[in-house]
Amino acid sequence: MGRYLNPNNNKYQNFLKEKYVVDKSMLLNNILGKIEQNKRFLCCSRPRRFGKSVTAHMLAAYFSKGADSRAIFEPLKCVKDKVFLTNLNHYDTIFMDIQAQFVKAKDQGADPNKMLQENAVRELKKAYPGWIQGDENLSEALAVINAETGNEFVIIFDEWDYPIRELAGNSRERRDYIELLRMMFKNAEAQDYVRLAYLTGILPMVRAKGQSAVNNFDEYTMIDARDLGGDIGFVETEVQELCERYGVSADEMRRWYDGYDLGGVEVYNPLSVVRAVESGKFRQYWTETGTYEDIRSLIEYDFDGLKEAVIQMLSGNRIPVSVYGCRNDMCTFRDKDQIITTLIHLGYFAYDAEAQEAYVPNREIREIFYRYMENSQNDPLSSFLQYSRQMLAAVLGAEQERAAALVQKVHDDFISSIEYNDENSLSCTVMIALLASFAYYQRPIREFPCGKGFADLVYLPLPQCPQRPVIVVELKWNRGADTAITQIREKRYPNSLRDYYGEILLVGISYEKKTKEHTCVIERVERIKG
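Rules behind the numbers
Residues numbered from 1 in each chain as written. Predicted model: local features only at pLDDT ≥ 70, side-chain atom pairs only at ≥ 80, totals over all residues. Heavy atoms only, no water. Helix = DSSP H or I, 4+ residues; strand = E, 2+ residues; numbered from the N terminus. Buried < 20%, exposed > 50% of the residue type's maximum accessible area, 1.4 Å probe, protein only. Contact = heavy atoms within 4.5 Å. Areas by Shrake-Rupley, 256 points an atom, 1.4 Å probe, with all protein chains shown as cover. Patch = residues over 30% accessible without salt bridge, like charges linked within 9 Å, V, L, I, M, F, W, Y side chains within 5 Å. Salt bridge = Lys/Arg side-chain N within 4 Å of Asp/Glu carboxyl O. Lys, Arg positive; Asp, Glu negative; His and termini not counted. Charge placed at Lys NZ, Arg CZ, Asp CG, Glu CD. Pairing = 2+ DSSP bridges. Core = buried A, V, L, I, M, F, W, Y, C linked by side-chain atoms within 4.5 Å. Axes fitted to C-alpha atoms, helices over the stretch in contact; angles between N-to-C directions. Arc of directions from axis to C-beta. Polar contact = N/O pair within 3.5 Å; in protein donor to acceptor, adjacent residues only side chain to side chain.

Participant: Teacher, can you tell me more about the overall build of the protein chain here?
Facilitator: The helix and strand tally for the protein chain stands at 23 helices and 18 strands. Here the C-alpha coordinates of the protein chain stretch approximately 90 × 50 × 40 Å along the principal axes. Buried residues in the protein chain amount to 56% of all 530 residues. For the protein chain, the share of sequence-separated contacts (at least 6 apart) that also reach a separation of at least 24 residues comes to 68%. Here the protein chain displays about 22,600 Å² of accessible surface, and carbon together with sulfur accounts for 45% of that area.

Okay, structure coming up:
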């Protein structure tokens with residue numbers, strides 16, 4: 001066994017000793033099934049701390065000749081059928097952490113692409129001294145060994161996209177790395193020496209002129225996870241089991257960390273779930289592993305409609321987005337859709353493939369953006385947050401004229417692209433104007449069943465803010481705000497909110513098409529005790 005060729009199983013074995021472990025070993029059976037279908041080139045991208053490296057180490061522990069992993073996998077969920085046992089620890093396996101290689105090369109003043117090949121070839125020469133001289137490049141060495149012995153290789157690149165994300169688009173090291181990928185996996189002999197090539201990182205395959213630089217890979221992404229969606233992130237049943245075992249609220253876990261749609265499977269943020277179970281506290285954990293620079297560097301692109309789209313999503317609305325044409329390189333953008341697509345890959349937004357819409361998946365992400373807006377200066381998002389706080393204060397203080405004026409200003413200054421055609425478009429504006437409610441309220445509920453009808457919007461206080469009033473919003477278009485309040489009372493909306501303490505605020509908001517003005521009526525109602 002070596003550092004790069006045929007590693008041992010220590011890293012995966014140590015992971016399995018941790019207290020809060022979720023067994024994702026069924027991925028092995030899925031990958032073996034793909035290999036049997038001749039799908040041997042896989043690129044699986046996920047955001048930071050979504051289990052990429054653990055998965056890579058699991059694959060290495062399973063395939064590597066340098067490990068004896070039968071006892072490790074025996075108690076796991078993976079199906080130990082004939083195919084599984086035949087492939088277990090059967091292949092020469094090359095494992096490379098690309099980020100570590102590039103960082104080490106920089107520290108040593110070396111060429112990273114040359115160094116990582118030399119590291120692997122050195123160990124191949126030791127394993128196959130009769131055929132490898134040591135001066136071959138990596139693909140040549142693999143091709144020679146395969147020709148002489150018939151041996152196939154499993155090649156695993158963790159953080160494969162580090163040079164794409166971190167190096168300038170015109171850097172020589174970056175260009176050389178892309179050529180290395182082509183040389184390793186796109187040449188004709190790769191079909192012979194590759195048993196499995198598994199690349200994992202944050203970004204999908206880099207694209208040039210609309211085509212993947214290595215277009216023979218099957219890609220599994222945050223936009224198109226296909227059948228691997230539930231194999232990496234935590235799914236509902238796995239999170240429920242953790243919550244039951246350790247006495248943690250499943251509802252709060254769902255509110256904070258759920259919401260990613262991967263191939264029709266609801267997926268939670270794994271890191272944050274584990275931290276919440278470990279500490280018993282629900283808060284923002286994920287960005288402790290990074291910074292706000294991802295958001296800032298991307299949102300500060302001055303593309304028309306970008307900041308408005310972000311505001312709409314943060315308020316609970318969804319927006320249509322075209323996810324095609326993004327070059328996946330963190331430096332080449334043409335429009336807001338490409339920025340939003342990149343933020344989906346990074347995990348800051350989620351994507352509904354069926355509706356082709358982007359949205360904010362959960363409370364943790366909303367809080368990340370909320371803190372970003374709080375800490376930004378002279379930024380449209382920061383300015384908007386100030387107006388939204390004023391709007392919330394006006395509603396809570398029953399300042400009717402001020403609330404109406406602030407809805408008007410938010411629409412005129414920040415989201416003028418929303419054209420009022422009906423109550424639904426007005427609903428989008430009001431949700432946006434009340435974005436600051438996020439600090440004290442759950443995500444607004446549209447068409448909330450109340451009394452004898454459905455309230456347009458209902459804001460329920462967070463469990464830790466029971467003193468806050470419930471806010472019931474009824475919207476009218478060309479019919480007057482008084483009409484909205486009358487409807488709330490006639491249909492007895494407050495009667496359905498008996499379980500919430502404190503008062504209820506009835507908020508009627510109307511937009512008059514002729515005058516192009518908003519009006520607002522606010523009434524206080526004490527909770528009806530039953």
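The rest of the description comes next.
Participant: Help me understand unusual backbone geometry in this model?
Facilitator: Glycine aside, residues mostly have negative phi, and peptide bonds are mostly found in the trans state. Its identity is not glycine, yet Gln356 carries a phi of approximately 55°, on the positive side. Its place among the elements puts Gln356 in the loop between strand 12 (350-352) and strand 13 (357-359). The class of Gln356 is partly exposed, set by a relative accessible area of 42%. Positive phi outside glycine occurs at Lys516, with the angle close to 60°. Looking at the secondary structure, you find Lys516 in the loop between strand 17 (503-512) and strand 18 (517-526).

Participant: In this structure, what is going on with a negative patch on the surface? I would like to understand it.
Facilitator: A surface patch of like charges, here negative, comprises Asp135, Glu140, Glu189 and Asp192. Within the secondary structure layout, Glu189 lies in the loop between helix 10 (172-185) and helix 11 (190-193). Residue class for Glu189 comes out partly exposed when judged on its relative accessible area of 46%.

Participant: Explanation requested: the pattern of salt bridges in the structure shown.
Facilitator: Any two side chains of opposite charge can pair, so long as their charged atoms come close to each other. Following the criterion strictly, the structure yields 23 salt bridges and no others. Ionic pairing is found between Asp227 and Lys34, a salt bridge with its closest N-O pair at 2.9 Å. A residue pair is termed long-range when its members are at least 10 positions apart, and Asp227 in the loop between strand 7 (218-220) and helix 12 (229-232) and Lys34 in helix 2 (residues 26-36) qualify at 193 residues. According to the relative accessible area criterion, Lys34 is buried, its value standing at 6%. Between Arg245 and Glu241 there is a salt bridge; the shortest N-O distance is 2.9 Å. In this pair, Arg245 and Glu241 are both assigned in helix 13 (residues 236-246), four residues apart and thus about one turn of the helix distant. Under the relative-accessibility criterion, Arg245 is labelled partly exposed at 44%. Each of the salt bridges in this network shares a partner with another, and the network as a whole consists of Asp111, Arg172, Glu173 and Asp176.

Participant: What's the story with the sheet that holds strand 9 (residues 260-262) in this structure? I'm lost.
Facilitator: Two orientations exist for strands paired in a sheet by backbone hydrogen bonds: parallel and antiparallel. If you trace the three strands from one edge of the open sheet to the other, you get 8-10-9, paired in antiparallel fashion. Two strands bound the open sheet, and with one partner strand each, they are strand 8 (234-235) and strand 9. Bridging between strand 8 and strand 10 (residues 265-268) involves two bridges; their strand directions are antiparallel. Looking at the pairing, Phe234 lines up with Tyr268 of strand 10.

Participant: Help me understand the environment of Leu406, please; the structure alone is not making it clear to me.
Facilitator: Topologically, Leu406 is positioned in helix 21 (residues 400-413). The exposure class of Leu406 is buried, given its relative accessible area of 5%. Expressed as a C-alpha distance, the spacing of Leu406 and Tyr387, which sit 19 residues apart in the sequence, is 7.1 Å. Beyond its immediate stretch of four places on either side in the chain, Leu406 contacts Tyr387, Gln390, Met391 and Ala394.

Participant: Can you walk me through the nonpolar core in this structure?
Facilitator: Ranked by size, the top nonpolar core spans 81 residues in total, and within it Ile340, Ile344, Phe349, Phe369, Ile471, Val473 and Val507 carry the most contacts. What Ile340 contacts, discounting residues up to four positions off in sequence, is Leu306, Ala309, Met313, Ile319, Val321, Phe349 and Ala358. Leu142, Ile145, Trp160 and Leu199 belong to the second-largest nonpolar core, a separate cluster that totals 40 residues.

Participant: Could you clarify how one ought to interpret the sheet that holds strand 3 (residues 153-158) in this entry?
Facilitator: Taken in spatial order, the five strands make up an open sheet running 2-3-4-1-7, and their pairing is parallel. Each of the sheet's edge strands pairs with one partner strand only, and the pair in question is strand 2 (92-97) and strand 7. Ignoring strand direction, the axes of neighbouring strands in this sheet form an average angle of 15°. Of the strand pairs in this sheet, strand 1 (residues 41-45) and strand 7 are connected by three bridges, and their pairing is parallel. Paired with Leu42 across the two strands is Asp218, which belongs to strand 7. Packed on one face of the sheet, helix 10 meets strand 1, strand 3 and strand 4 (194-201) and runs near 160° to strand 3.

Participant: So what exactly am I meant to see when it comes to helix 14 (residues 250-257) here?
Facilitator: Listed as buried for helix 14 are Ala250, Glu252, Met253, Trp256 and Tyr257. Buried positions in helix 14, seen along its axis, are confined to an arc of 160° and lie on one side of it. In this structure, the buried residues of helix 14 make contact with helix 13, strand 9, strand 10, helix 15 (270-279) and helix 19 (363-375). Where helix 14 begins, the capping side chain belongs to Ser249, and its oxygen is found 3.4 Å from the backbone nitrogen of Asp251. With its phi angle positive at about 115°, Gly259 sits one or two positions after the end of helix 14.

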